[in-house]
Amino acid sequence: MTRLLSRALGAFAFVLICAAHIGSPDTWFEGNAGPYRLLVHVSSPGVVPAIADISVRVYDSAREAGRVAVTASVNKFDAAGAPPPPEQAIPVAGDPELYAISLWVMSGGSNSVTINVSGAKGAGSVIVPAVFVASRRLSLDGPLATGLALVGLVLFAGIVSIAGAAAREASLPPGTPVDAARRRRGRIALGAAAVILTLALLGGRAWWRAEDAAYRRSIYRPMPAAASATDSSATDSSATDSAAASTIELRITDSAWVASRNESLPPGRSRGGFTPLIPDHGKLMHMFVVSDDLRAFAHLHPSTSDTVIFTARRPPLPGGPYHVYGDVVHESGFAQTLTAPLVLRPQTAEPSSGSRGDDSWHVTVVPATSGVTSSRETMVRWDRPVAPLVAGRPAPLRFTITDLEGNPVELEPYMGMAAHAVVMRDDRSVFIHLHPSGTVPMAAKRSFDLRTASDTVPGTLSRRVTATDSAASSTHAGMTLGNVVSFPYAFPSAGQYRIWVQVKRAGRVVTGAFDAEVTADERPAGG
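Just so it is clear, the model here is predicted, and its values are computed rather than measured.

Side note on the overall build of the protein chain
In terms of regular secondary structure, the protein chain is built from six helices and 29 strands. A buried classification covers 42% of the 527 residues belonging to the protein chain. Long-range pairs, those at least 24 residues apart, make up 67% of the contacts in the protein chain between residues at least 6 apart in sequence. Accessible surface for the protein chain amounts to roughly 25,900 Å². Of this, 59% is attributable to carbon and sulfur atoms.

The following block contains the structure:
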């Protein structure tokens with residue numbers, strides 16, 4: 001009984017993991033292809049191989065005489081052969097700036113979608129990293145299953161009858177009576193055919209179950225991890241903390257990843273199925289610590305010496321149950337979010353918001369129901385759309401930052417970006433780290449931009465990506481930006497969400513928190 005209960009709970013947890021959107025299943029990217037500004041949406045099919053739907057919005061293209069030409073192709077990160085020829089995207093009726101195309105994805109893992117645009121302004125292309133993984137198992141609906149079963153029964157009966165008739169009277173001239181010996185031979189053939197077909201069906205059932213089990217095992221799961229909080233004055237490493245110098249730790253527990261830390265790998269081998277980590281905005285991990293009631297939030301950047309244990313100084317967060325989310329990017333461009341629960345012991349000091357270097361935290365002291373969040377000197381206003389937010393429909397998140405009198409302010413790059421945002425559903429089934437460029441980590445894009453055919457040994461490309469990332473961070477130092485930031489996105493499901501948006505002003509990180517209600521899309525499928 002206990003074993004059955006454990007299996008049932010395990011299956012339920014598996015379904016929850018597969019149904020969640022930790023990290024974005026779809027890809028959103030906003031950037032330039034030569035002289036054209038694009039918004040690219042790649043819809044993940046959830047199974048591999050399968051067809052991915054891709055839409056490309058070419059901003060301001062409607063002002064040109066005639067349509068621009070848009071082509072696209074999908075290619076695997078480590079593909080040894082030449083990329084496939086691009087295919088023509090089709091203009092979408094009623095929207096002069098939108099183009100759509102459906103392309104086959106043949107291999108799971110880190111892929112890229114190359115978009116090419118040409119028109120009166122010239123020509124350009126851009127590589128958009130896209131992760132395609134199996135995240136769901138297609139079901140066989142009832143009517144189709146019933147129909148297939150009836151067809152199978154008819155075929156079974158027909159084959160058995162044909163075998164019996166063939167043995168009984170196939171060699172007789174037409175009109176010749178069938179004697180007792182031929183009838184007996186016919187019955188034996190009929191029975192033998194039934195047994196053989198039954199064995200074939202049982203064998204097919206066993207093969208199908210084995211294939212289904214293999215597919216279930218191939219469904220993507222992030223590397224397992226465990227979180228803990230340690231007190232520098234404590235004698236043990238319990239999952240609590242009380243001192244100002246205490247830390248939060250996220251440890252990767254994937255055995256293959258951990259075992260490969262001290263091994264020298266032969267050429268062509270990756271660590272535990274994953275290539276080495278590369279820095280994104282100068283950090284190997286972006287750690288988010290979020291209380292289960294969504295009241296407390298921290299964006300931290302832990303240090304690591306072995307890429308197994310990541311340790312960050314604990315900010316002044318209140319005690320209670322939390323979840324830790326660790327965003328990492330592999331050399332292949334594959335990005336994943338590691339998750340683990342955590343319990344923090346209460347602290348007396350609970351400032352509402354603050355930052356320390358690139359680390360920042362925010363504790364909501366009032367319900368985040370208004371459209372404005374203000375700190376001591378800065379106000380963040382969500383320019384909410386008039387129309388309701390609907391699951392699956394594009395809903396760019398736009399924010400205006402001013403001083404307390406409403407005057408525009410100049411922003412500074414926060415780790416190389418104009419802003420960062422985190423979107424999370426109140427049941428923790430959705431978590432995504434966004435940038436104004438979309439869901440694509442810049443490190444993943446650099447991996448595809450810099451990769452050459454000679455990068456066959458894990459670790460060689462990461463050095464160039466790291467150098468480019470450092471150079472980009474240095475270039476951004478001292479640069480100022482406008483006071484409006486926007487994030488391309490579409491909420492994946494209906495429900496209650498919280499959005500944290502972060503910008504940097506006068507050397508300090510400012511965090512705003514906002515609540516959003518997203519309704520279900522009531523349109524019929526395909527509408």
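So, the nonpolar core
Ranked by size, the top nonpolar core spans 31 residues in total, and within it L250, M287, V289, L317 and L342 carry the most contacts. Elements that contribute at least two residues to this core include exactly strand 11 (225-230), strand 12 (247-252), strand 14 (286-291), strand 15 (296-300), strand 16 (309-313), strand 17 (320-330), strand 18 (335-344) and strand 20 (359-363). Per-element accounting of this core gives the leading share, four residues, to strand 18. Once residues lying within four places of it in the same chain are set aside, the contact partners of L317 are V289, A296, F297, A298, Y322, L344, Q347, W361 and V363.

Thoughts on a nonpolar patch on the surface
Taken together, I51, W104 and M106 make up a surface patch of nonpolar side chains, about 360 Å² in accessible area. Its relative accessible area of 57% is what places M106 among the exposed residues.

Concerning the pairing of strand 17
Burial of strand 17 is extensive: ten of the eleven residues sit out of reach of the surface. As judged from the two bridges shared by strand 13 (residues 277-278) and strand 17, these two strands associate in the antiparallel manner. In the sheet register, I278 faces strand 17, and the bridge partner there is V329. Alignment of strand 14 against strand 17, held across six bridges, turns out to be antiparallel. In the strand pairing of strand 17, S291 is matched with Y322.

A word on the side chain of T275
With respect to the helices and strands, T275 occurs in the loop between helix 4 (255-259) and strand 13. At a separation of 3.0 Å, a polar atom in the side chain of T275 contacts the main-chain amide nitrogen of S332.

Structural notes on the pairing of strand 25 (residues 420-425)
Most of strand 25 is tucked away, with six of its six residues classed as buried. Judged by which residues are buried, strand 25 turns out to be covered on both faces: H420, V422 and M424 on one side and A421, V423 and R425 on the other are all buried. Alignment of strand 25 against strand 26 (residues 430-434), held across four bridges, turns out to be antiparallel. Looking at the pairing, M424 lines up with F431 of strand 26. Hairpin connection from strand 25 to strand 26: four residues lie between these consecutive antiparallel strands, with R428 at a positive phi of about 65 degrees.

A few points about the confidence of the model for the protein chain
The pLDDT averaged across the protein chain works out to 86; a share of 86% of its residues lies at or above 70. Scored below 50 in pLDDT, residues 8-20 shows six contacts in the model against residues more than four places distant or in partner chains. In the model, residues 234-243 has pLDDT below 50 throughout and makes 25 contacts with residues more than four positions away in sequence or in other chains.

Concerning the sheet that holds strand 12
For sheets, the rule is that strands pair by backbone hydrogen bonds, running either parallel or antiparallel. With respect to topology, three strands assemble into an open sheet ordered 11-12-16, the strand pairing being antiparallel. The open sheet has two edge strands, strand 11 and strand 16, and neither has a second partner. Looking at each pair of strands side by side, their axes are set apart by 20 degrees on average, direction ignored. Here six bridges tie strand 11 to strand 12, and the two strands are oriented antiparallel to one another. Pairing of S228 across the sheet is with E249, part of strand 12.

What about the packing of aromatic side chains?
Tallied over the full model, the rule gives 14 aromatic pairs. Where F274 meets F334, the ring centres are 5.8 Å apart and the plane angle is 45 degrees; that geometry is what we call tilted. Taken together, the positions of F274 in the loop between helix 4 and strand 13 and F334 in the loop between strand 17 and strand 18 put the pair 60 residues apart, joining distant regions of the chain. Judged by its relative accessible area of 17%, F274 is buried. The lysine or arginine in question, R451, covers the ring of F77, its NZ or CZ lying 5.0 Å from the ring centre.

Some remarks on the pattern of salt bridges
In this structure the tally under the stated criterion is 18 salt bridges. Of the charged contacts in the structure, one is a salt bridge between R216 and D212, with a shortest N-O distance of 3.2 Å. Of this pair, R216 and D212 both sit in helix 3 (residues 180-218), separated by four residues, roughly a single helical turn. Exposure remark for R216: the relative accessible area of 34% places this residue in the partly exposed category. Taking the shortest distance from any N to any O, the salt bridge between K445 and D449 comes out at 3.1 Å. Placement of both K445 and D449 in helix 5 (residues 442-450) is noted, with a separation of four residues, approximately one turn of the helix. Take K445: its relative accessible area is 14%, and that puts it in the buried class. Through salt bridges with shared partners, one network takes in R57, D95 and E97.

Cut-off values and rules
- Residues numbered from 1 in each chain as written.
- Predicted model: local features only at pLDDT ≥ 70, side-chain atom pairs only at ≥ 80, totals over all residues.
- Heavy atoms only, no water.
- Helix = DSSP H or I, 4+ residues; strand = E, 2+ residues; numbered from the N terminus.
- Buried < 20%, exposed > 50% of the residue type's maximum accessible area, 1.4 Å probe, protein only.
- Contact = heavy atoms within 4.5 Å.
- Areas by Shrake-Rupley, 256 points an atom, 1.4 Å probe, with all protein chains shown as cover.
- Core = buried A, V, L, I, M, F, W, Y, C linked by side-chain atoms within 4.5 Å.
- Patch = residues over 30% accessible without salt bridge, like charges linked within 9 Å, V, L, I, M, F, W, Y side chains within 5 Å.
- Salt bridge = Lys/Arg side-chain N within 4 Å of Asp/Glu carboxyl O.
- Pairing = 2+ DSSP bridges.
- Polar contact = N/O pair within 3.5 Å; in protein donor to acceptor, adjacent residues only side chain to side chain.
- pLDDT = per-residue confidence, 0-100.
- Axes fitted to C-alpha atoms, helices over the stretch in contact; angles between N-to-C directions.
- Phe/Tyr/Trp six-rings, centres within 6.5 Å; stacked < 30°, edge-to-face > 60°.
- Lys NZ or Arg CZ within 6 Å of the ring centre and 35° of its normal.

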